[in-house]
Amino acid sequence: MIKTEGGVCAAKGFKASGIHCGIRKNKLKRDLALIVSEVKASAAATYTTNLVKGAPLTVTKKNLGDGYAQAIICNSGNANTCNANGIEIAEGMCNLVEQYAKIPANDVIVASTGVIGQPLDITPIADGMPSLVKQLDFSGSRYAAEGIMTTDTKLKEIAFKFQVGGKMCTIGGIAKGSGMIHPNMATMLVFITTDVNITPAVLQTALSEDIKDSFNMVSVDGDTSTNDMCCILANGLAENKCIDSVLCDGYDEFKAALFAVTSYLCRNIARDGEGATRLMEVTVSGAETKEIARTVAKSVACSSLLKAAIFGADANWGRVLCAIGYSGADLDVNKVGVSFKSAAGEIEVCRNGAGVDFSEEIAKKILLEEEITILITLNSGDAAATAWGCDLTYDYVKINGDYRT
């Protein structure tokens, strides 16, 4: 697998663009993005588990009923959620794609992100469509990535090349996500494109399985949003033998490439958590089952007390044990071991459920790095899982104290 440039435009047949159309007050920030495949593509998506769902999700689910799509349109600055005319606006955005890009409205994935409960005027979107379509380009991924950002401070974009049945294939993705990030689809938007030839049903299976170990393992602040969506388009232009079963040659290679994209985006979403100064990666090994490993990893990554300790570079390992204890996982706490690791080194702080002597000075040096790994071993089996989070800082409260006003 080879890392490459181009994001959602790296795969054959994909163009993208992003502009400022006027939804956001800051004219320097793009607020409308478009991704288009030259041909209709197999499509799959996963959505937020929040009972309150943005209107775009409802429209996208309907449009993906046949398993195919050809375009993705997304605005930032307004979530189009809890609006009386939300469905009308979301469908209107799809109709605009049909009008200007000549792609059927029912082959469009539509998404919105931003403030919840604010009316969304479609006028600036309609006014911006001619420019948005005109600027579609095979090198436009970065502009699309900028167009979906809200409180994000870093662009999130990646692509890889890999082989399926002797054919060179490519997969790439962009994402937005910084606040309101929590497991079970986590609050984010993720758009993935690939030129792999794969059926919609198998594509959906691959994505649904992938998010169990990727986006459902990310948490910034414990709030699950209303507009979360991860979708993927696969247009088949790599011309590999169609992957029409999970038992087909090439399926495992495709899943590995998909996870390479999603796990990279997960790390960068967590790293860019609102106000964050450190990426926190929680790796659990030695679990009796995969589910136990996931449960423990997520519980530790979500601990506000631990996140605050990481911000202070305080090796307060008791907070790790505490989070393991209330996770609900069936395990023997007397077998648990914990270490902290970073570019500055690794230090063991707990063995068999009890503390061990360690240097606070060395521990602090390790925890002052920008990427911190919390290594947890349960010593009960062979299953493992990883979760991603970030520290909890003063700036998180500042950002969200006046987010709307």
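As the structure is a prediction and not an experimental result, all values here were calculated from the model.

### Quick look at the pattern of salt bridges
Inspection of every chain in the model, using the stated rule, returns 16 salt bridges. In this structure, the salt-bridge partner of lysine 156 is aspartate 152, at a minimum N-O distance of 2.8 Å. A single burial state applies to lysine 156 and to aspartate 152, both of which are buried. Taken together, the shared-partner salt bridges connect Asp213, Lys290, Glu291 and Arg294 into one network.

### Digging into empty space enclosed by the protein
Taken as a whole and judged by the stated rule, the model has one cavity of 30 Å³ or more. Here the largest cavity is characterised by a volume of approximately 30 Å³. Residue lining of the largest cavity: Ala287, Glu288, Ile292, Asp330, Leu331, Leu378 and Ser380, and that is the complete set. Among the residues forming the lining of the largest cavity, the class breakdown is four nonpolar, one polar and two charged.

### Remarks on the sheet that holds strand 11 (residues 337–342)
Judged by pairing direction, the sheet is mixed, and its six strands sit side by side in the order 13-12-11-14-10-15 without closing on themselves. Bordering the open sheet on either side are strand 13 (354–355) and strand 15 (383–390), each of which pairs with just one other strand. In this structure, strand 10 (residues 279–287) lies alongside strand 15, joined through seven bridges in antiparallel fashion. If you follow alanine 287 over to strand 15, its bridge partner there is alanine 383. In the packing of helix 7 (residues 290–302) onto the sheet, the strands contacted are strand 10, strand 14 (371–377) and strand 15, and the crossing angle to strand 15 comes to about 20°.

### Comments concerning the packing of aromatic side chains
For the structure shown, the criterion picks out one aromatic pair. When the ring of phenylalanine 311 is compared with that of tyrosine 394, the centres are 5.2 Å apart and the planes differ by 90°; the resulting orientation is edge-to-face. Of this pair, phenylalanine 311 sits in helix 8 (residues 304–311) while tyrosine 394 sits in helix 11 (residues 394–401), placing them 83 residues apart in sequence. For tyrosine 394, a relative accessible area of 62% corresponds to the exposed category.

### Re unusual backbone geometry
Of note in the backbone geometry, asparagine 80 takes a positive phi value of approximately 45° without being a glycine. Looking at where asparagine 80 falls in the secondary structure, it is placed in the loop between strand 4 (68–78) and helix 2 (86–101). We note that cysteine 82 has phi near 60°; this positive angle belongs to a residue other than glycine. Mapped onto the elements, cysteine 82 comes out in the loop between strand 4 and helix 2.

### Regarding the state of the cysteines
Taken as a whole, this structure holds zero disulfides when the rule is applied. Residue cysteine 231 stays outside any disulfide, its sulfur separated by 6.7 Å from that of cysteine 230, the closest cysteine. Not part of a disulfide, cysteine 350 finds its nearest cysteine sulfur in cysteine 322, a span of 13 Å. Assessed through its relative accessible area of 0%, cysteine 350 is described here as buried.

### Details of helix 7
The terminal C-alpha atoms of helix 7, which comprises 13 residues, lie 18 Å apart, in line with the 18 Å expected from a rise of 1.5 Å per residue. Tucked inside the fold, the buried residues of helix 7 contact helix 5 (200–213), strand 10, helix 8, helix 9 (318–325), strand 14 and strand 15.

### Some thoughts on the pairing of strand 12 (residues 345–351)
Looking along a regular strand, one sees side chains alternate from face to face of the sheet. Note that strand 11 and strand 12 share five bridges and pair antiparallel. Each residue of the ladder has a partner; that of lysine 341, found in strand 12, is glutamate 346. In this structure, the hairpin formed by strand 11 and strand 12 is closed by a connection of two residues. Pairing of strand 12 with strand 13 involves two bridges; the strand directions are antiparallel. When the bridges of strand 13 are listed, cysteine 350 appears paired with glycine 355. Hairpin connection of strand 12 to strand 13: two residues between the antiparallel strands, including asparagine 352 at a positive phi of 55°.

### Digging into the side chain of serine 17
Tracing the chain through its elements places serine 17 in strand 2 (residues 14–19). For serine 17, the side chain forms a polar contact with the main-chain oxygen of leucine 132, separated by 2.7 Å. Those residues in contact with serine 17, other than ones at most four positions away along the chain, are Leu32, Ala33, Leu34, Leu132, Gln135, Leu136, Gly140, Tyr143 and Ala144.

### Observations concerning the nonpolar core
Residues Ile171, Phe254, Ile374 and Ile376 are the most contacted members of the largest nonpolar core, which totals 73 residues. A total of 10 residues in this core trace back to one element, the largest contributor, which is helix 6 (residues 251–271). Contact partners of isoleucine 374, with chain neighbours within four places excluded, come to Met280, Glu281, Val282, Thr283, Leu306, Ile310, Val320, Val338, Ser339 and Phe340. Counting 27 residues, the second-largest nonpolar core is a separate cluster that includes Ile35, Ala144, Met229 and Cys231.

Cut-offs used in this document
Residues numbered from 1 in each chain as written. Predicted model: local features only at pLDDT ≥ 70, side-chain atom pairs only at ≥ 80, totals over all residues. Heavy atoms only, no water. Salt bridge = Lys/Arg side-chain N within 4 Å of Asp/Glu carboxyl O. Buried < 20%, exposed > 50% of the residue type's maximum accessible area, 1.4 Å probe, protein only. 1 Å grid on protein atoms, 1.4 Å probe; cavity = no way out; pocket = protein on both sides within 12 Å on 5 of 7 lines; lining within 4 Å. Points joined across faces, edges and corners; volume = space filled by probe spheres on them. Nonpolar A, V, L, I, M, F, W, Y, C, P; charged D, E, K, R; others polar. Pairing = 2+ DSSP bridges. Helix = DSSP H or I, 4+ residues; strand = E, 2+ residues; numbered from the N terminus. Contact = heavy atoms within 4.5 Å. Axes fitted to C-alpha atoms, helices over the stretch in contact; angles between N-to-C directions. Phe/Tyr/Trp six-rings, centres within 6.5 Å; stacked < 30°, edge-to-face > 60°. Disulfide = S-S within 2.5 Å. Expected span 1.5 Å × (residues − 1). Polar contact = N/O pair within 3.5 Å; in protein donor to acceptor, adjacent residues only side chain to side chain. Core = buried A, V, L, I, M, F, W, Y, C linked by side-chain atoms within 4.5 Å.

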